[in-house]
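# Observations on chain architecture
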Amino acid sequence: MIRQAKGKTPRRPLPKKPSSNQKDPVGVYCRVRPLGEEDEGCCIEVISSSTIQLHAPEGFKINRNGEYKETQYSFKKVFGVSVSQMELFEHVAKPLVDDLIRGKNGLLFTYGVTGSGKTFTMTGSPGQGGLLPRSLDMIFNSIGSYQAKRYVFKTDDKNGMEVQTEVEAVLERQRRDNNLSVLKTTSSRQKLDPEIADMIKPEEVNKTDCVDEDSSYSVFVSYIEIYNNYIYDLLEETQEDAIKPKWNGGGTPVRQNTEFIPPQSKILREDQNHNMYVAGCMEVEVKSAEEAFQVFWRGQKKRKVANTRLNTESSRSHSVFIVKLAQAPLDADGDNVLQDKNQVTVSQLCLVDLAGSERTGRTGAEGTRIREAGNINQSLLNLRTCIEILRENQMCGTNKMVPYRDSKVTHLFKNYFDGEGRVRMVVCVNPKAGDYEETLLVMRFAEMTQEVEVARPADRPICGFTPGRRYRNPAFREELSRKLEERGGPIDRDVSSFINHVVHTLPPLPSSELTDPHDDITLPRLIEALQNRHRVRQMMIEEYNKAANTMKSLLQELDSNLISKDNLIHEQNGKLIDKDKIIQNNKAEIERLEKKNKMQEHKIDILQKTTKIYEDDKRSMQQELETRAQRLQRELSEKRRMEQRMQGVVSDTQHKWEKECERRVNAMQLEMQNKLWVKDEKLKQLKAIVTESKAPGCPEPPPRQTHPQPQPQPQRPSREERLPAKRSASPSPLPTTTPVRPLHRRSRSAGGEKWVDHKPSSSLDLGTVLQPVIPNAIQVSAPSEKALSKCDRYVLTHQEVSSDGEIQTKLIKGEVIKTRGGGQAVQFTDIETLKQEMTTVTSRKRKSSEGTPANKDQTAGAWTDVETRCAVALEMRAGSNMGPGCEHHGINKRRKP
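The paragraphs below set out a description of the structure included in this document. (Residues numbered from 1 in each chain as written. Predicted model: local features only at pLDDT ≥ 70, side-chain atom pairs only at ≥ 80, totals over all residues. Heavy atoms only, no water.)

## Examining the overall build of the chain
Helix and strand counts for the chain stand at 18 helices and 31 strands. Scored against the burial criterion, the 897 residues of the chain give a buried share of 33%. For the chain, restricting intrachain contacts to residue pairs at least 6 apart in sequence, the fraction spanning at least 24 positions comes to 70%. For the chain, the accessible surface area stands at approximately 59400 Å², while carbon and sulfur atoms represent 52% of it. (Helix = DSSP H or I, 4+ residues; strand = E, 2+ residues; numbered from the N terminus. Buried < 20%, exposed > 50% of the residue type's maximum accessible area, 1.4 Å probe, protein only. Contact = heavy atoms within 4.5 Å. Areas by Shrake-Rupley, 256 points an atom, 1.4 Å probe, with all protein chains shown as cover.)

## Observations regarding the sheet that holds strand 3 (residues 44-46)
Hydrogen bonds between backbone groups are what pair the strands of a sheet, and the pairing can be parallel or antiparallel. Judged by pairing direction, the sheet is antiparallel, and its three strands sit side by side in the order 3-4-5 without closing on themselves. Strand pairing shows two members of the sheet lacking a second neighbour, strand 3 and strand 5 (71-74), which therefore form its edges. With direction set aside, neighbouring strand axes in the sheet form an average angle of 25°. Sheet analysis places strand 4 (residues 51-54) next to strand 5, joined by four bridges and oriented antiparallel. Following the sheet pairing, T51 is matched in strand 5 by S74. (Pairing = 2+ DSSP bridges. Axes fitted to C-alpha atoms, helices over the stretch in contact; angles between N-to-C directions.)

## Section: the packing of helix 5 (residues 131-143) against helix 7 (residues 289-300)
Where helix 5 meets helix 7, the closest approach of the two axes is 9 Å, and the angle between their N-to-C directions is 150°. As judged from the angle between their axes, helix 5 and helix 7 are roughly antiparallel. Along this stretch, helix 5 crosses helix 7, giving a crossing that reads as right-handed. Along its contact with helix 5, which presents L132, P133, L136, D137 and F140, the element helix 7 presents A289, A292, F293 and F296. For the contact of helix 5 with helix 7, the per-class residue count stands at eight nonpolar, no polar and one charged. (Parallel < 35°, antiparallel > 145°, perpendicular 65-115°, else oblique. Left-handed = near helix turned anticlockwise from the far one by under 90°. Nonpolar A, V, L, I, M, F, W, Y, C, P; charged D, E, K, R; others polar.)

## What to know about the pattern of salt bridges
Oppositely charged side chains can form a pair if their charged atoms are brought close together. Going through the model one piece at a time under the given rule, you end up with 26 salt bridges. Among the salt bridges present, the one from R150 reaches E291, with a minimum N-O distance of 3.8 Å. Taken together, the positions of R150 in the loop between helix 5 and strand 10 (153-155) and E291 in helix 7 put the pair 141 residues apart, joining distant regions of the chain. Through salt bridges that share partners, D99, R102 and R422 make up one connected network. (Salt bridge = Lys/Arg side-chain N within 4 Å of Asp/Glu carboxyl O.)

Following this line, the structure appears as structure tokens:
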């Protein structure tokens, strides 16, 4: 039975986003904090408006036993110690606020070591407001007169926005006021907290010009913190419940409701547009910058802070303040918000104050502080990892998965890095020498972040209604009222007077008092007057309709002209924007070319210096070459003189060697004759020994000579015949007593058997009469697979020393068989032994033959003696194989006493 494959859940398709090929790099800014009074060393120097330089402190060099080079890091802009909060806001956060009002998202980080001024940069102090209060102030200064009434926009708890009518908004307002009547305080009458009062000076107020006057706006704020990788809502009200019991850490209920219950952590979810949001987070609608900042300060007091060795109020969590701006176009009349949810645009600006990276050894953390620092460093490490993988995917073309889900910080803002808004980062650094190592890591991360590019978000679609309807329609109504007033007064201002005027223009009614029931004059006269008034009314209606039609045609023509002019203006604006983009691109290209030109000039200078060095080397080498050429000429002349001298020496030496060779050839001929005579004597002696070794019962052949032959004495074998005992010259396999029958034999009908004759190179030639002769054999000194594959039989010549001290030769035979692996193997069958034995004699000296004439030369008798002949040695020169250098000398060996 075949089990069916388990079906997979189909993946939800991603939403189709407008394609945007344009990308912007992450804007990274650097802000240097002023050096404290207690700090002595400084490790940071601002070189220019975009570059800083790090110097390793002296103590750091001594402790590490090494020299650290001065490193420079470039940013989009560097803010020194004297920069104001206003200047920082204009460069960093103001463009993000402009994008927020245009319907685009923005994300702003503050990143750095603990105590580097991140919270001051984000929040500020009285009189020196940071990025957050200035952003809120700019938003409400821009949309102040275009805000919708409270509760017209309503959140749907799914990261979306709904639109309510004016009546629904009033009912919602009354319902919420009744529910919060007990807890509500008169916040409008309450004074601001003195800690946040007067954050922004009147002369530092900002305002944007990109507000759409035909739209209505509402601002919602929320404030969360990420503590130990859990998300908590700082605006959530934690009220004591008198009915439900509270539980302590041991799991038992507490009867007295005095224990503080911490708020529940929130979870991240994905909306229908695949954007991440915090589910169940409280979003408060605010109508002024003071109210928004009051809400922020209420949540700021709940944020987790602690006293560490580096900072008295060190942030132990990442805080995220979200400003959400909802905007929708007005209807065709320009009075109310358009009741269409699809036309609502929601943009948000996230202001993130990251907790500072720190080492627990410097902070002196213990217990809970160690766990907090570990979670902070881990979340920052995950942020760095995501940035590194994004950079690698964009620069190397890889498609690695970015681990956004490893941390709540990266998971919450993954949409921004995927192209949902502009991302900017303010890197805060402390120039004191103690933070050098952490500052070095922060600089490397910031430099890497600048290389990540984020897709530019698409523009908000333009509504199809007539632009300018918010003010043009009331102006039209006022103009119409003025025209009507000139003709008799507008209806909406004084209805009764206008009716009276119209009634007076009609024909007067006659007296209609009836005194007599038989009066036939009053009623017909009244009927005629009413008919006249009806005719006058019809004429007035016709005139009004004609005037209305004429006015409508004029208005339509005016609207068409205005629309055409607006379209022309939009077209020209689009062309101007395109031209501006071209100009910006050209400026960027010019800057790039200028940088390239400077780089090329620098390279040219380097090449010129290198060329000069090479030319100097060339001149020196030419001089050296000329010197060597002269030396070579002298050596060649000396060589020619030496050749002439050597030719004379060679001719003399050649003549001398010719004489020497002739003498040696004569000596060799004489020596060879002596050797032939010695071999003849050996054969004669061998014949005599064989004759003497016969059995005593065997008759001897009659002697041919007439004179009796003397009996030869037993003689000692010669030195050439008595070979010394040598070791085995070839491997000696173990002989088998019984031959092993092969598993299978090859066919012998194809021809004779072919042998592999394996004779080791170290075998000795004993000079015996009987020699193994193997026909149709391949002689090898070492067996090979190629030779074995061509033959059927195998023989190994093996020499070893026998028990009597003589050398015996064994022929180990075998058959070649094929193996299953495709190779060859040898199976040994039998062994043949060849052995040479010397005759045993009693006497070591044999006299010469008897009956030799006395007058014969005694030299011949002396050479017939075995001992005498064995006393003769051959002396050979080194490197000679019995060649011309061999000389025969008869040297008498010294006998033993």
